[in-house]
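# Structural features, examined
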Amino acid sequence: MTRAKTLLAVTILSAALLWVFLEMKPAVKPISLRFHALVDGEPLVLDDMRYQNPGGDGQFKVRDFQFYLSNIRLTGPGGDYVLPDSYHLLRFDGDQPYTEIRLPAMDASAFDAIHWGIGVDPEANGTIKITGDLDPNNRMAWNWQVGYKFILFEGGLEDSEGFLPLVYHVGFDENYTPQSLPFAAAAESGEETIVRFTVDIAALFRADGPLDMVTTPSVKFDRDDAARIAAGFPNMISASQ
Amino acid sequence: MSKKFVIAALLLAGGAVYFLAGMPRKATTPLADFTVPFVYGHFQVPKENPLTKEGVALGRRLFYDPRLSGNNEISCATCHQQALGFTDGLKASVGASGVPLSFNSMALTNLLWGPQRFFWDGRSVSLEDQALNPIQHPDEMAQDLDALMDELAEDETYKALFDTAYGGISPEAVAMALASFQRTLVSANSRYDQYLRGEISLTPEEEKGRKLFMAHPDAKVAQKGGNCIDCHSQFLTSGFSTALDGFSNNGLDGEDGLLPGLSAVTGKAAHRGFFKTPSLRNIAVTAPYMHDGRFDTLEEVLDHYDSGIKDSSTLSPLIVEADNQPLDRRQRGQISLNLTADEKKAIIAFLHTLTDEDFLTDPRFSNPFEEEAGDDAR
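These numbers come from a predicted model, not from an experiment.

### Describing helix α7 (residues 171-183) of chain B
Residue and element names in this part refer to chain B. Compared with an ideal rise of 1.5 Å per residue, which puts 13 residues at 18 Å, α7 spans 18 Å between its outermost C-alpha atoms and is within 8% of the ideal. Within α7, the full set of buried residues consists of Pro-171, Ala-173, Val-174, Ala-175, Met-176, Ala-177, Leu-178, Ala-179, Ser-180, Phe-181, Gln-182 and Arg-183. On its buried face, α7 sits against α2 (53-63), α3 (76-79), α4 (127-136), α5 (145-153) and α6 (156-166).

So this is what it looks like as structure tokens:
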């Protein structure tokens, strides 16, 4: 072989390799998990007496809604990914119509399922360790002998008899609810892969039959009441495309 | 659920310090012995203004120096006195003009935690940003910044201190030094802290008060509660640091009397009458109480929470709902904690355990000019 031919062959081969490499190189980008809060399928509007008492008379408003999500894990043909220190406080009073959890740069197509727990796992709930969004001086802490509220819902109801404050502070170890959902990119931008979820607050008041907020305007330390609200955890978050 | 007394062990494990890395200037020394209780949680020192020995020393001097005011009579310490938990004992503070301010002086304690917005209405976003406000305010220190720079430049001691700490005199350097000194004002050795560290036990009355303070009531499971922890966090006793959770309306005024409060900053009607939930550390020595100093004693404060709450559209639902009553005896529109006289006394006894004599007398936080005068006399 002449030198020219060798050079040509090497060039063609390298070009081909480069092409194959570029073609196969997965889209490694940060993943943005976006959670959109809803009430009965409609985007949540805070501080507005617009929602119907699910099991009785009157209208209610949501003043604050936040909850903990723990131990995010991705699985799929491409392997497993476990997010470290994964304790996230999701709240919906920011400027954006969603709240976001950012995962490091990865190829999202390697995974087809996402797993997490609603609430705080018993082990973490039993310490005052400061990891992720767990902070014993935050609003979600009951006190150090009890642990964290998993869900905080505060608001008010108005019916013919007037105003009634609503306080649902829900969560004991036994209410921790692992959940798995399909995982698929909803959108790609140059910088990130976006995966969307919806959080329907109404699920909390429907799981065990529609709750009458007038007869149960608050849920705190009563374990049966807590279990009744927590029965809605599995239906609260859905994957959306 | 297991009881969590691991806390004592964790506390003993010592102070964890979280610095947002940032290299101090060459000539400066990072503050070495700055440790804080683990249970206070994360805090952030701005990268641009790391805590240094020199910055803190300069800040302390500035804090106590009346030359910072236009008439050279008022220092920060005029309204923020160490023995009073860095408050002034007045209903409304009085500065250079003699015209009382519209607000009660705020305690400067554990400022690294809790809401990272400052002033009762949260209008300032950092201690650096806050510091130049009182200096220039006509009713506080009434000082022109340019004039202050000239005055400081005539003082050889200040020139040297500013040069080492910040490479020269500037309003920014004044702000950074004051902020640094104030960040070191950590109170962590009250009887409550000693109790948390497992070193002492509280008296039965204090313990009863602690339990009431730390519980939201739930009559359904026969749990009495004073509700305080709903807004004053369990270890810091300050408002919460997340988002704007550290601001709320605790029922001081009815709808018509609501001041703008936080809504002046956010523009949201839902924040009318919201004020910063203050830390209750050293509360027994920081009377009078509330943003306008309307209560002279802790007894009045407890009477307020128990039976003096005024209803309004932004009143915290947690206050309305916390009535220690079974549902069938609940009266709509009646707001009360329904505490007994003994329970109120117990909560006050607990509040007294938050007094930290070491903090109130710590020489590191005291007037450096008096110290120097003492040295000279020796």
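The discussion continues.
### A few points about the interface of chain B and chain A
Each partner contributes to the interface: chain B provides 47 residues, whereas chain A provides 46 residues. Buried area between chain B and chain A, summed over both chains or domains, comes out near 3,900 Å², and the portion from carbon and sulfur atoms is 56%. Our enumeration of links across chain B and chain A arrives at 5 salt bridges. Arg-91 of chain A is the partner of Asp-245 of chain B in a salt bridge, and the nearest nitrogen-oxygen pair spans 2.8 Å. On the surface where chain B and chain A come into contact, there are 18 residue pairs in polar contact (both at pLDDT 80 or more). For the side of chain B that touches chain A, the secondary structure elements donating two or more residues are α1 (6-12), α8 (191-196) and α12 (317-321) of chain B. With 4 residues, α12 of chain B is the largest single contributor of residues to the side of chain B that touches chain A. Within the side of chain B that touches chain A, the residues separate by chemical class into 25 nonpolar, 12 polar and 10 charged.

### Some details on the domain arrangement of chain B
Residue and element names in this part refer to chain B. Split by domain assignment, chain B resolves into domain 1 (3-186) and domain 2 (191-352). Each of domain 1 and domain 2 has a C-alpha centre, and the two are 28 Å apart. Tallying the contact residues gives 31 residues for domain 1 and 31 residues for domain 2. With both sides pooled, the region where domain 1 packs onto domain 2 buries about 2,500 Å², and carbon together with sulfur makes up 66% of that total. At the surface where domain 1 touches domain 2, the tally comes to 0 salt bridges. Along the contact surface separating domain 1 from domain 2 lie 5 residue pairs in polar contact (both at pLDDT 80 or more). Residue composition of the side of domain 1 that touches domain 2, grouped by class: 18 nonpolar, 9 polar and 4 charged.

### Points about the UniProt feature "domain: Cytochrome c" (unreviewed entry) in chain B
Residues and elements named next belong to chain B. In the numbering used here, UniProt assigns the feature "domain: Cytochrome c" (unreviewed entry) to residues 54-156 and 204-355. Annotated as 33% helix and 0% strand, the span residues 54-156 places its first and last C-alpha atoms 16 Å apart. Helix makes up 27% of residues 204-355 and strand 3%. Its end C-alpha atoms lie 18 Å apart.

### Points about the environment of Ser-313 of chain B
Within the secondary structure, Ser-313 of chain B sits in the loop between α11 (298-307) and α12. Sequence separation between Ser-313 of chain B and His-271 of chain B is 42 residues, and the spatial gap between their C-alpha atoms is 9.9 Å.

### What to know about the packing of aromatic side chains
Under the counting rule described, the total for this entry stands at 30 aromatic pairs over all chains. Ring centres of Phe-213 of chain B and Phe-350 of chain B lie 5.2 Å apart, and the angle between their planes is 55 degrees; on these two criteria the pair is classed as tilted. Here the residue Phe-213 of chain B occupies a position in helix α9 (residues 204-213), and Phe-350 of chain B occupies one in helix α13 (residues 341-352), the gap between them amounting to 137 residues. For the pair shown, Phe-213 of chain B and Phe-350 of chain B are each scored as buried. Joined through ring pairs, the aromatic side chains of Phe-63, Tyr-64, Phe-86, Phe-181, Phe-359 and Phe-365 of chain B make up one cluster. Its guanidinium or amino end placed over the ring of Phe-172 of chain A, Arg-223 of chain A lies 4.3 Å from that ring's centre, counting from NZ or CZ. Its guanidinium or amino end placed over the ring of Tyr-158 of chain B, Arg-61 of chain B lies 5.4 Å from that ring's centre, counting from NZ or CZ.

### A few points about the UniProt feature "domain: Copper-binding protein MbnP-like" (unreviewed entry) in chain A
Sites flagged by UniProt as "domain: Copper-binding protein MbnP-like" (unreviewed entry) map to residues 30-218 of chain A. Secondary structure content for residues 30-218 of chain A is 2% helix and 51% strand, while the C-alpha to C-alpha distance between its ends is 40 Å.

Cut-off values and rules
Residues numbered from 1 in each chain as written. Chains lettered and ligands numbered in written order. Predicted model: local features only at pLDDT ≥ 70, side-chain atom pairs only at ≥ 80, totals over all residues. Heavy atoms only, no water. Helix = DSSP H or I, 4+ residues; strand = E, 2+ residues; numbered from the N terminus. Expected span 1.5 Å × (residues − 1). Buried < 20%, exposed > 50% of the residue type's maximum accessible area, 1.4 Å probe, protein only. Contact = heavy atoms within 4.5 Å. Buried area = accessible area lost by both parts, 1.4 Å probe. Salt bridge = Lys/Arg side-chain N within 4 Å of Asp/Glu carboxyl O. Polar contact = N/O pair within 3.5 Å; in protein donor to acceptor, adjacent residues only side chain to side chain. Nonpolar A, V, L, I, M, F, W, Y, C, P; charged D, E, K, R; others polar. Domains from an automatic or database assignment. UniProt positions renumbered as here; feature names shortened; annotations may be inferred. Phe/Tyr/Trp six-rings, centres within 6.5 Å; stacked < 30°, edge-to-face > 60°. Lys NZ or Arg CZ within 6 Å of the ring centre and 35° of its normal.

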